[in-house]
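What follows is each chain in one-letter form.
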Amino acid sequence: MQATDYIKQYLTQQHLLQLATLAGDQPWCCTVYFVADADYNLYWASWPTRRHSREIVAHHKVAAAVAATFVKGKAEAGVQLEGVARQLESSDEIRLIAQLYAAKFDRSTQWIEDITANRTKHRLYKFTPSRYVIFDEVHFSGDEARQEFASLA
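Quick look at the structure, then. Treat the numbers as computed from the prediction; the structure is a model and nothing was measured.

## Things to note about the environment of Tyr43
Within the element layout of this structure, Tyr43 appears in strand S4 (residues 42-46). Residue classification places Tyr43 among the buried positions, given a relative accessible area of 3%. Excluding residues that lie within four positions of it along the chain, Tyr43 makes contacts with Tyr33, Phe34, Val35, Asp37, Leu88, Ile97, Tyr125 and Lys126. Engagement of the side chain of Tyr43 in a polar contact is seen with the side chain of Asp37, the distance being 2.7 Å.

## Description of the packing of helix H3 (residues 91-105) against helix H4 (residues 109-116)
Angle between the axes and distance between the axes: these two values describe a pair of packed helices. For the pair H3 and H4, interaxial distance at closest approach is 9 Å and the crossing angle is 150°. Taken as axis vectors, H3 and H4 run roughly antiparallel relative to one another. Remark: the crossing between H3 and H4 carries right-handed chirality. Taking contact as the criterion, the partners of Ser91, Ile94, Arg95, Ala98, Gln99, Tyr101 and Ala102 in H3 are, on H4, Trp111, Ile112, Glu113, Ile115 and Thr116.

## Observations regarding the side chain of Gln147
Turning to its location among the elements, Gln147 is positioned in strand S8 (residues 146-149). A polar atom in the side chain of Gln147 sits 2.8 Å from the backbone oxygen of Glu144. Beyond its immediate stretch of four places on either side in the chain, Gln147 contacts Ala3, Tyr132, Val133, Ile134 and Phe140.

## Examining unusual backbone geometry
In the Ramachandran plot, Tyr40 falls in the positive-phi region, its phi being about 65° despite a non-glycine side chain. Classification of Tyr40 by relative accessible area gives buried; the value is 17%. The phi torsion at Asn118 lies on the positive side, around 60°, for a residue other than glycine.

## A few points about the state of the cysteines
This structure, assessed with the given rule, holds zero disulfides. Not engaged in a disulfide, the cysteine Cys29 finds its nearest cysteine sulfur in Cys30; these two sulfurs lie 6.4 Å apart. Judged by relative accessible area, which is 11%, Cys30 ranks as buried.

## Regarding the packing of aromatic side chains
Scanning the entire structure with this criterion turns up six aromatic pairs. An angle of 20° between the planes, with centres 6.3 Å apart, marks the rings of Tyr6 and Tyr10 as stacked. Linking Tyr6 with Tyr10, this pair stays in helix H1 (residues 3-13), spanning four residues, or about one helical turn. Relative accessible area serves as the criterion here: at 8%, Tyr6 is assigned to the buried category. The class for Tyr10 is buried, based on a relative accessible area of 4%. With 6.4 Å between their ring centres and 85° between their planes, Tyr6 and Phe140 make a pair best called edge-to-face. Of the two residues, Tyr6 is situated in helix H1 and Phe140 in the loop between strand S7 (123-135) and S8; the sequence distance between them amounts to 134 residues.

Thresholds applied
Residues numbered from 1 in each chain as written. Predicted model: local features only at pLDDT ≥ 70, side-chain atom pairs only at ≥ 80, totals over all residues. Heavy atoms only, no water. Helix = DSSP H or I, 4+ residues; strand = E, 2+ residues; numbered from the N terminus. Buried < 20%, exposed > 50% of the residue type's maximum accessible area, 1.4 Å probe, protein only. Contact = heavy atoms within 4.5 Å. Polar contact = N/O pair within 3.5 Å; in protein donor to acceptor, adjacent residues only side chain to side chain. Axes fitted to C-alpha atoms, helices over the stretch in contact; angles between N-to-C directions. Parallel < 35°, antiparallel > 145°, perpendicular 65-115°, else oblique. Left-handed = near helix turned anticlockwise from the far one by under 90°. Disulfide = S-S within 2.5 Å. Phe/Tyr/Trp six-rings, centres within 6.5 Å; stacked < 30°, edge-to-face > 60°.

Set out below in structure tokens:
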């Protein structure tokens, strides 16, 4: 399997994302549940009052990691990303992503309606990666264990 295909599979199967934001010269890292769309943009639901949400408003450049899993003492896969993040504003876009999120995390139709209409404390956020890095010692060896890509196309 090619590394880009493995990244695509990995991002659709995983559930937790470590998100790194910045305020001034102080970095912050948090963990969020996420979904990926067909273009491998990543989305999560969070309160706008959370530190990472406030920092995205002030500084949209972020980094993220989907933590490695281990098999027989080797890192099976870990994906790191850099790019930009923003809060979703369009109700059509919110509804589409809310449906993906609800399907993955067993949320109700009512939840989809509520988040689309801003009737919850949560808002949806989009992370658009500009770089993907995979580290995988099980499926790739030597210099190929770590590979970088500007896109997954």
